[in-house]
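# Architecture and fold: a report
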Amino acid sequence: MTRADRDPGRARSGAVIPRGVAHVRLEGPVVTRDFAFLVLPRFTFLAFASAIDPLRIANQLTQQPLYRYRLVSMDGGPVESSAGVRVEVDQGLEPLSRETTAIVCSGTDASQAADKRVLAWLREHSRKGGGLGAICTGAYTLARAGLLGEDAPAVHWENRPAYRELFDVEPLEQIYVIGTRHFSCAGGEAGVDLMLALIARDHGQKLADAVAEMCLHSRRREASATQKKVYPAPMLARHPAVARVIAAMQANIATPLDREALARVFGRSPRHLERIFRAVVQETPKSYYLGLRLEEARDLLSDTTLSILEVAVATGFNSRSSFSKAYRKRFGQSPARTR
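Nothing here was measured: the structure is a model prediction, and the numbers come from that model.

Of regular secondary structure, the protein possesses 15 helices and 8 strands. Projected onto its principal axes, the C-alpha coordinates of the protein cover approximately 75 × 40 × 35 Å. Going through the 339 residues of the protein one by one, you find that 48% of them count as buried. Sequence separation of at least 24 residues holds for 64% of the intrachain contacts in the protein that already meet a minimum separation of 6. Accessible surface, the protein: about 16,900 Å² in total, of which carbon and sulfur atoms supply 51%.

Have a look at this one:
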């Protein structure tokens, strides 16, 4: 019995085409586009579902096999997501056709989720001219395989500090990016926006808008949309000088700026900066800056194999002991406990 026999919604082309009430008519012949989603252990289920379901909806709306997709794992067996949900897959690391785009999906344990077999499989697919994509922290695996070149990927804001330290590349703050050979998105609901952009490119904006409506995705975001806001937009508008200071803090984590340097960015005296910053942010510049550095340290401890001393240096501390003391005071546990 074939998969099409087991699943009435799967056409003989291998594309999933369920029935639905809504319909969008496409003119002209249809070329089916192939995707292979490589799901790595503890992948993020939300990001994975956000990327794959718009493809199913596009097929359903048009009742045509626009997109065909399969699931791949390292050994061909089921894979458990970070939510504890296990998914069955279609194959292991058998070669893909050149026309197939391989999309790496991962989540927690991003830096070590893929083994050498996966890296070799991706390199071989790229060598043949196959397309590549990354969902959530999948960009870590593409970077480890040396397949991103000089192109910076979109990485979830929580993982950006670790990515920066591991690969010496500043990842993008935007929610997704589409390049010539590969694309990536930061995870979460950004998978919907990424796939809507690909659908619009393949079949026009009308179909992409219809898919967005089916997803109840009321506002389709462009690739340039940014992720987490360190400070809210109203504050940026009312207090641009404070926003400049915070941006300078973010850009200087490893080598923190002193009080006088921050005041120069602010454009007034250190005392004036202290007063306005406290009124706007409800915290002193020193305390806020320390918080930014310690938050980045926590990300590095969770997402990299850097030693505690290396994390301390990367976040501007002169010694492991001073770092550990500040960390414990902030988070109520030692860096070793977090690790």
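And the narrative resumes.
Bringing the state of the cysteines into the picture now. Tallied over the full model, the rule gives 0 disulfides. Left unpaired, C136 is separated from the closest cysteine sulfur, that of C185, by 7.5 Å. Under the relative-accessibility criterion, C136 is labelled buried at 8%. Take C215: it sits in no disulfide, and the sulfur closest to it among the cysteines is that of C185, at 13 Å.

The backbone of C136 sits at a positive phi, close to 60 degrees, despite the residue not being glycine. Its location among the elements puts C136 in strand β6 (residues 131–136). Even without being a glycine, Q282 presents a positive backbone phi close to 60 degrees. Looking at the element boundaries, Q282 is found in the loop between α11 (270–281) and α12 (285–303). Relative accessible area serves as the criterion here: at 61%, Q282 is assigned to the exposed category.

Okay, helix α5 (residues 160–167) next. Taken as a whole, α5 has its buried residues at R160, P161, A162 and Y163. For α5, the elements touching its buried residues are α4 (138–144) and α12.

Now for the sheet that holds strand β2 (residues 67–72). In space, the 6 strands of this open sheet follow the order β2-β1-β5-β6-β8-β7, with mixed pairing throughout. Here the strands that pair on one side only, and so sit at the sheet edges, are β2 and β7 (176–178). Averaged over all adjacent pairs, the angle separating strand axes in this sheet is 15 degrees, with direction ignored. Strand direction decides the pairing type here: β6 and strand β8 (residues 182–185), joined by 4 bridges, are parallel. Bridging across to β8, I135 finds its partner in C185. Along the sheet face, helix α2 (residues 45–62) touches β1 (33–39), β2, β5 (100–106) and β6 and points at about 150 degrees away from the line of β2. Where helix α3 (residues 116–127) meets the sheet, its contacts fall on β1, β2, β5 and β6, and the angle it forms with β5 comes to roughly 155 degrees.

A few words now on the environment of G133. Its place among the elements puts G133 in strand β6. Looking at G133, the relative accessible area reads 0%, which means it is buried. Sequence separation between G133 and I199 is 66 residues, and the spatial gap between their C-alpha atoms is 15 Å. Setting aside anything within four residues of it in sequence, one finds G133 in contact with T101, A102, I103, V104, L142 and F183.

With respect to the helices and strands, S81 occurs in the loop between β3 (79–80) and β4 (86–87). With near-sequence residues (within four places) excluded, S81 lies in contact with R42, F43 and F45.

With that settled, the discussion passes to the packing of helix α9 (residues 240–251) against α11. Two numbers describe how α9 lies on α11: the axes approach to 10 Å, and their chain directions differ by 95 degrees. With respect to α11, the axis of α9 lies roughly perpendicular. Two secondary-structure elements touch here, α9 through V242, V245, I246 and M249 and α11 through L273, I276, F277, V280 and V281. Of the residues that constitute the contact of α9 with α11, the class distribution is 9 nonpolar, no polar and no charged.

Turning next to the pattern of salt bridges. Counted under the stated rule, the structure contains 11 salt bridges. Residue R160 pairs with E170 through a salt bridge whose shortest N-O separation is 2.8 Å. Of this pair, R160 sits in helix α5 while E170 sits in the loop between α5 and β7, and the two are 10 residues apart along the sequence. Note on R160: relative accessible area 12%, which makes it buried. Classification of E170 as partly exposed rests on a relative accessible area of 43%. R164 serves as the salt-bridge partner of E296, at 2.8 Å between the closest nitrogen and oxygen. In this pair, E296 is assigned in helix α12 and R164 in helix α5, connecting sequence segments 132 residues apart.

Inspection of every chain in the model, using the stated rule, returns 13 aromatic pairs. Judged by centre distance (5.4 Å) and plane angle (85 degrees), the ring pair of Y140 and Y163 falls under edge-to-face. You can see Y140 sitting in helix α4 and its partner Y163 sitting in helix α5, a full 23 residues away along the chain. Assessed through its relative accessible area of 2%, Y163 is described here as buried. Measuring from centroid to centroid gives 5.9 Å for Y140 and F167, while their planes differ by 75 degrees, and the two rings are edge-to-face. On the criterion of sequence distance, the pair formed by Y140 in helix α4 and F167 in helix α5 is long-range, its members being 27 residues apart. On the accessibility criterion, F167 (22% relative accessible area) is partly exposed. Among the aromatic residues, ring-to-ring pairing joins F35, F37, F43, F45, F48 and Y67 into one connected group. Residue placement shows R293 over the ring face of F317; its charged tip is 4.3 Å from the ring centre.

Reading guide: rules and limits
- All residue numbers refer to position in the chain's written sequence, counted from 1.
- Only residues with pLDDT of at least 70 get local features here, since the model is predicted, and only at 80 or more are side-chain atom pairs given and counted; chain-wide, interface and lining totals rely on the full set of residues.
- To get the side-chain values, all heavy atoms of the structure are used, and hydrogens and water are removed first.
- For helices the rule is a DSSP run of H or I covering at least 4 residues; for strands it is a run of E covering at least 2, with both sets numbered from the N terminus onward.
- Whether a residue is buried, partly exposed or exposed follows from its accessible area with a 1.4 Å probe, protein chains only, as a fraction of its type maximum: under 20%, in between, or over 50%, in that order.
- Residues count as neighbours in contact if any of their non-hydrogen atoms are within 4.5 Å of one another.
- Residue-level accessible areas treat just the shown protein chains as cover; the underlying method is Shrake-Rupley with a 1.4 Å probe.
- Defined by distance alone, a disulfide is two cysteine sulfur atoms within 2.5 Å.
- For two strands to be treated as a pair, DSSP must find at least two bridges joining them.
- For helices, the axis comes from a line fit to the C-alpha atoms of the stretch in contact; other axes are also lines fit to C-alpha atoms, and the angle between any two N-to-C directions lies between 0 and 180 degrees.
- To sort the angles, those under 35 degrees are grouped as roughly parallel, those over 145 as roughly antiparallel, those from 65 to 115 as roughly perpendicular, and the leftovers as oblique.
- Gly is put with the polar residues, along with every residue not named as nonpolar or charged; the nonpolar set is Ala, Val, Leu, Ile, Met, Phe, Trp, Tyr, Cys and Pro, and the charged set is Asp, Glu, Lys and Arg.
- By definition here, a salt bridge exists when the distance from a side-chain nitrogen of Lys or Arg to a carboxyl oxygen of Asp or Glu is within 4 Å.
- Note on aromatic pairs: the rings of Phe, Tyr and Trp (six-membered ring only in Trp) are paired at centre separations within 6.5 Å, and the planes decide the class, stacked below 30 degrees, edge-to-face beyond 60, tilted for the rest.
- Here, a charge over a ring means that NZ of Lys or CZ of Arg falls within 6 Å of the ring centre while also lying within 35 degrees of the ring normal.

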